[in-house]
Every structure is written in structure tokens, then in C-alpha cells.
Amino acid sequence: MVWWRAAFKGRDRGYHTAGIAAMGVKTVRPWPARHAFPFRLNPTEIFEMNQPHSLPTYKHADQALASARNKVMRNTYWLLALSLLPTALGAWVGLRTGIVAGLTGGIGLVVFLGGAFAFMFAIEKFKNSATGVPVLLAFTFFMGLMLSRILAMVLGFKNGSDLVMTAFGGTAGVFLVMANLSTVIKRDLSGMGKWLFAGALAILIGGVINVFVGSPAAFAAIATLAILVFSLYLLYDLKRIVDGGETNYISATLGLYLSLYNIFQSLLALLGIFGGED
């Protein structure tokens, strides 16, 4: 500890940094003894503050943030891909058993919205624990079951299989375009959130009303609007992940899944209306 005492040996002669300067450490203008330690720092703190290796660097901070963003993106993509399996299984079970075929009109709406919101509440509650992933996968199985109703209708056409594959390909295309745009666009898109929420709310209200009205034209208009709104929602959510605004991969996966689900369902409905062959 001789060096420490030497570094502050000059205090009794009126200068506190004489010893530090002698050691070649970069220092500030010395303080006279009568103004000793104006910031009430002890000698150890002053010496540590002058060490280059003790100061954080922006380079290391940027690397840490980039690593965290990449980890969230990677986990989100893996979980999103995994979530397609329970969705496909749920749709297959629904088609084979017809368990949800009778859920039409108001009853079907209540079951769908009640189940979906209950699952989403549970996902948000457990998103920071190991329970979050199984709950999310159970939710996607439920959504697959409910999707089997429109799938059964479209597959009833002669070209039903082609329509399903077209809707799937269109949804995948939208995702790829939005994923690329999210990495290219430098502008902050956080302001889109409130407008997209308003659009989604309008689609929900319009869909509920049309369940009882049953207008094909209104259904087609709502489906078209849903494709536009949820495509932009896809870009919005992906951009949040890229920018580091979303740090939980379970919440990120839920947002992307809902957008893709609505895009696929809406494309399938439009293809069934305008391209179905009896």
C-alpha cells in the first residue's frame, strides 16, 4: 500500500494530487489545502475515478444492447415457428371431429372471444416465468380449433386446398416483407400504435355487428381492412423488437402470432368468397 500513501502524500504540503501526478495518472487542476476535497470524496474514490479501465464505454454498452435484441428476436422466431404446430394440430382436430362446427352466431362469438381473452390474460400474467410458453402453446391450439370452422367452409370448395395454400403463401409473403422492412426503416414507428389499436378495435366492433347482420359485402370489407391493419401491426411489432422496445420474447411472439393469424384468416375468407369453386 506504499503507492497509495505516496499518491496522497502531498496533502500536508497543500496539494492533494501531487503524488498521483508523479505516478503519471491524468489529473485535474490541484485543489489548495483550504479547499480540500470539495466534493467529499475519499482518496480511494478519487484514485479509482482516474483509472481508464474503470470507466464504462459506449462500445461495450452498444454491444450488450445488440446482443439482448438479437436474443429476443431469435427466441421470438423460434417460439413463433413452434406455435404453428399446435395451431395445425388444433385445426386438424377441429376438422376431424367437428367439435366446434356447431359454434356459430352469437354462441361461437362468445366462446371465441371469451377463450381468446382468457388465454391472453394468462399469457401476460406468466410471461416472465417458465409457465408462459406452455400457456402460449395451449392458446395457439385453441386458436387452431376455432380456425377449423372457416377451413371446413373453404375446403368444401373444389379448389379448397389450393385456396388454403394460397392464403398460407400470402401470409408468409407479408411476414417476409414486413420483417425486411423492420430492419431497413430507421424512423421511429411508435406513433403508429394508437392508430393501429383504433383500427383493430373498429374491426372487432364491425365483426361483432356483422355476426348478427350477416352481410357478405361487409364481411369482405372487414376482411380487407383486417389484412391492412394487421400487416402494419406486424411491421410495428417487428420494429419494436429490432429497436429493443420489446424485451420479452413471449409477449413478442403473442403479438406476431395474432397478426399472422388474422392476416391468414382474412385472406382465406376473401379467397373463399371470390375464388371458391362449387
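Residues numbered from 1 in each chain as written. Predicted model: local features only at pLDDT ≥ 70, side-chain atom pairs only at ≥ 80, totals over all residues. Heavy atoms only, no water.

### So, the overall build of the chain
1) Next: The number of helices and strands found in the chain is 10 helices and 0 strands.
2) Next: Beginning at the N terminus, the succession of helices and strands in the chain can be written as α-α-α-α-α-α-α-α-α-α.
3) Next: Buried residues in the chain amount to 38% of all 278 residues.
4) Next: Taken as a whole, the chain presents about 16700 Å² of accessible surface, with 67% of it coming from carbon and sulfur. (Helix = DSSP H or I, 4+ residues; strand = E, 2+ residues; numbered from the N terminus. Buried < 20%, exposed > 50% of the residue type's maximum accessible area, 1.4 Å probe, protein only. Areas by Shrake-Rupley, 256 points an atom, 1.4 Å probe, with all protein chains shown as cover.)

### A closer look at the confidence of the model for the chain
1) Next: Looking at the chain, the pLDDT average stands at 80 and 77% of residues meet or exceed 70.
2) Next: The model gives residues 1–39 a pLDDT under 50, and that stretch makes 43 contacts with residues more than four places away or in other chains.
3) Next: Within the model, the stretch residues 45–49 combines pLDDT values under 50 with 9 contacts to residues more than four positions away or in other chains. (pLDDT = per-residue confidence, 0-100. Contact = heavy atoms within 4.5 Å.)

### Overview of the side chain of Asn210
1) Next: Here Asn210 is to be found in helix α8 (residues 192–213).
2) Next: Classification of Asn210 by relative accessible area gives buried; the value is 11%.
3) Next: Aside from chain neighbours lying at most four places away, what touches Asn210 is Ser215, Ala218, Phe219 and Ile222.

### Section: the environment of Ala116
1) Next: One can find Ala116 in helix α5 (residues 105–125).
2) Next: Between the C-alpha atoms of Ala116 and Phe139, which are 23 residues apart in sequence, the distance is 7.3 Å.
3) Next: Ignoring sequence-local partners within four residues, the contact set of Ala116 consists of Phe139, Phe142 and Met143.

### A look at helix α6 (residues 132–155)
1) Next: Its 24 residues give α6 an end-to-end C-alpha distance of 34 Å, which sits within 8% of 34 Å, the value for a rise of 1.5 Å per residue.
2) Next: The principal kink in α6, of about 35 degrees, is found at Arg149. (Expected span 1.5 Å × (residues − 1). Bend = angle between axes of the 7 residues up to and from the residue.)

### Observations concerning the pattern of salt bridges
1) Next: Per the stated rule, a full pass over the model turns up 3 salt bridges.
2) Next: Notably, a salt bridge pairs Glu124 with Lys127, separated by 3.2 Å at the nearest N-O pair.
3) Next: When the shortest N-O distance is used, the salt bridge between Arg240 and Glu246 registers 3.4 Å.
4) Next: Of the residues examined, Arg240 reaches a relative accessible area of 30% and is grouped as partly exposed.
5) Next: Note on Glu246: relative accessible area 15%, which makes it buried. (Salt bridge = Lys/Arg side-chain N within 4 Å of Asp/Glu carboxyl O.)

### Section: the packing of aromatic side chains
1) Next: According to the stated counting rule, one finds 7 aromatic pairs in the structure shown.
2) Next: With a centroid separation of 6.0 Å and 55 degrees between ring planes, the pair formed by Phe119 and Phe139 is classed as tilted. Linking Phe119 in helix α5 with Phe139 in helix α6, this pair joins segments that are 20 residues apart in sequence.
3) Next: For Phe139, a relative accessible area of 0% translates into the label buried.
4) Next: For the ring pair Tyr233 and Tyr236, a centre distance of 6.1 Å and an interplane angle of 75 degrees mean the geometry is edge-to-face. Here Tyr233 pairs with Tyr236, and both are found in helix α9 (residues 216–243), just 3 residues apart, close to one helical turn.
5) Next: Judged by its relative accessible area of 17%, Tyr233 falls in the buried class. (Phe/Tyr/Trp six-rings, centres within 6.5 Å; stacked < 30°, edge-to-face > 60°.)

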